[in-house]
Amino acid sequence: MMKVGIPKEIKNNENRVGMTPSGVAELIKHGHIVFVQHTAGEGSGFSDDAYKAVGAQILPTIEDVYAQADMIVKVKEPIEPEYHLVRKGQVVFTYFHFACEEELTHAMLRSGAICIAYETVEKADRSLPLLIPMSEVAGRMATQNGAYYLQKTKGGKGKLMAGVPGVKPAKVLVLGGGTVGEAAARIAAGMGADVTITDVSLPRLKQLAAELPANVHTLYSSEHNIRQELPTVDIVIGSVLIPGDAAPKLITKDMLPLMEKGTVLVDVAIDQGGCFETSHPTTHSEPVYMLDGIVHYAVANIPGAVPNTSTIALTNATLRYVVALADKGWEMACREDASLARGVNMVDGKCTYEAVAKVWGIPYASLDCIVPDMK
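This structure is a prediction, so every number in the text was calculated from the model and none was measured.

So, the overall build of the protein: which residues are in play, and what are the values?
Within the protein, the secondary structure is distributed over 13 helices and 15 strands. The globule rule puts the C-alpha radius of gyration for 375 residues at 21 Å, and the 21 Å found for the protein is close to it. When the backbone C-alpha atoms are referred to their principal axes, the protein occupies close to 65 × 45 × 35 Å. Contacts in the protein between residues far apart in sequence, at least 24 positions, make up 63% of those at least 6 positions apart. Of the charged side chains in the protein, 34 are positive and 42 negative; the average position of the first set lies 4 Å away from that of the second.

Printed below as a string of structure tokens:
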């Protein structure tokens, strides 16, 4: 039996919650105790009564949840007020994005907790099962938000995505042909825009060309090709990802003058440091800023704006791993599932994810040296 805690998210305008009542019901069916912080699910449309109805215990404060739980299941990385609540030996299962948060990295190392990052759980085929659902949401939202800020009243060029008869549609450039990029391109195409999507993988470009609508064009990703596109583009959506590592800077500061004033940059990679050199994280309450006449949108938790959809999609993906961790304990669960083992970023003050260790210049400790018989 494990005690699982679901705290309320306290990051700016983060309305998602770590688990739906349906997911909690499954954990309780397996014999575990689940503590949910008072009102944790309200932002996603799940009341305390809905959690109590499936057997959860409601606790009044975030301190109570952290103090009583063996494992914390949440959505976003702990922020400064939570650092001292995480304790040695406690499992924390969430999105961490350590490669762009040095303070968080050192705080979690000091805590001695077992930090398992959703974004680095990786299957043998290199797919990221716990990143995919939020990537699908973020890609769709990136296009919606880009179209919104393209309005003149929001700082954009004043263009309609689809145009009208006799007027050309807006041009959208999507950097990265992964889950986010494909979702963004599909929505942009559905809105009637003229879309170009880039990638460095020719097989992936071939797949995208075959599967995406006719108004989506593929382009090999290189600095030269990107520079050639920028003078005529209206929205750029950055969606590149290197699992667990900082995102590469595909749009540099010297490229901003190539774009017309009012061009909109949407940096979906901001959780991993951003793929535009001029990006810095923004919030849902203050989502954009202007630099050299270019609109920058760099909200670090885009799916938080549609928390009901996002929470359900996230629980659908995380539940099997949460149940395995609760049923077997983190060591056995990771021994039996190599994809989950790849999610382990920290154990007992040691960094067990090489890319994170490299980014911050800290010692790396292989997980199989810490846990015997690890796959």
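How would you sum up the pairing of strand E11 (residues 264-267)? Please name residues and give values.
Of the two faces of E11, the one lined by Val-264 and Val-266 and the one lined by Leu-265 and Asp-267 are each fully buried. Judged from the 4 bridges that link them, strand E10 (residues 235-238) and E11 form a sheet pairing that is parallel. In the strand pairing of E11, Ile-235 is matched with Val-264. Judged from the 3 bridges that link them, E11 and strand E13 (residues 294-297) form a sheet pairing that is parallel. Directly across from Val-264, in E13, lies its bridge partner Val-295.

Give a detailed account of the packing of aromatic side chains, specifying residues and quantitative values.
What the rule picks out here adds up to 5 aromatic pairs. On the numbers, 4.7 Å between centres and 80 degrees between planes, the contact of Phe-93 with Tyr-118 is edge-to-face. One end of the pair, Phe-93, is in strand E5 (residues 91-94); the other, Tyr-118, is in the loop between strand E6 (114-117) and helix H6 (132-149), and 25 residues separate them in sequence. Take Phe-93 and Tyr-118: they sit in the same class, and that class is buried. Between the aromatic rings of Tyr-149 and Tyr-297, the centroid separation amounts to 5.9 Å while the plane-to-plane angle is 40 degrees, which identifies the pairing as tilted. Of the two residues, Tyr-149 sits in helix H6 while Tyr-297 sits in strand E13, which places them 148 residues apart along the sequence. Judged by its relative accessible area of 11%, Tyr-149 is buried. Given a relative accessible area of 4%, Tyr-297 falls into the buried group. An aromatic cluster is built from Phe-93, Tyr-95 and Tyr-118, whose rings are joined through pairwise contacts.

How would you sum up the sheet that holds strand E1 (residues 3-6)? Please name residues and give values.
Picture the strands of a sheet paired through backbone hydrogen bonds; they go either parallel or antiparallel. The 8 strands are arranged E3-E2-E1-E4-E5-E6-E14-E15 in an open sheet whose pairing can be described as mixed. On the outer flanks of this sheet lie strand E3 (57-59) and strand E15 (350-351), each paired with one strand and no other. Bridge count between strand E4 (residues 71-73) and E5: 3 bridges; the pairing is parallel. Among the inter-strand pairings, Ile-72 is bridged to a residue of E5, identified as Val-92. Helix H5 (residues 102-111) contacts E6, strand E14 (344-347) and E15 of the sheet and is inclined by roughly 50 degrees relative to E14.

Quick one: what's the story with helix H1 (residues 21-29), residue by residue and with numbers?
Each α-helix winds once per 3.6 residues, and so residues spaced three or four apart point in a common direction. Among the residues of H1, those classed as buried are Pro-21, Gly-23, Val-24 and Leu-27. An end-on view of H1 places all buried positions within 155 degrees of arc, on one side of the element. Projecting away from the buried face of H1 at angles above 90 degrees are the exposed residues Ser-22 and Lys-29. Along its buried surface, H1 packs onto E1, strand E2 (33-37), helix H2 (48-53) and helix H10 (307-336).

I'd like a description of the state of the cysteines, backed by residues and values.
Under the definition given, this model contains 0 disulfides. The closest cysteine sulfur to the non-disulfide-bonded Cys-100 is located on Cys-275, 12 Å from its own sulfur. A relative accessible area of 25% places Cys-100 in the partly exposed class. Cys-334 takes part in no disulfide bond, and the closest cysteine sulfur, belonging to Cys-115, lies 12 Å away.

What counts and how
- Residues numbered from 1 in each chain as written.
- Predicted model: local features only at pLDDT ≥ 70, side-chain atom pairs only at ≥ 80, totals over all residues.
- Heavy atoms only, no water.
- Helix = DSSP H or I, 4+ residues; strand = E, 2+ residues; numbered from the N terminus.
- Rg over C-alpha atoms; globule rule 2.2 N^0.38 Å.
- Contact = heavy atoms within 4.5 Å.
- Lys, Arg positive; Asp, Glu negative; His and termini not counted.
- Charge placed at Lys NZ, Arg CZ, Asp CG, Glu CD.
- Buried < 20%, exposed > 50% of the residue type's maximum accessible area, 1.4 Å probe, protein only.
- Pairing = 2+ DSSP bridges.
- Phe/Tyr/Trp six-rings, centres within 6.5 Å; stacked < 30°, edge-to-face > 60°.
- Axes fitted to C-alpha atoms, helices over the stretch in contact; angles between N-to-C directions.
- Arc of directions from axis to C-beta.
- Disulfide = S-S within 2.5 Å.

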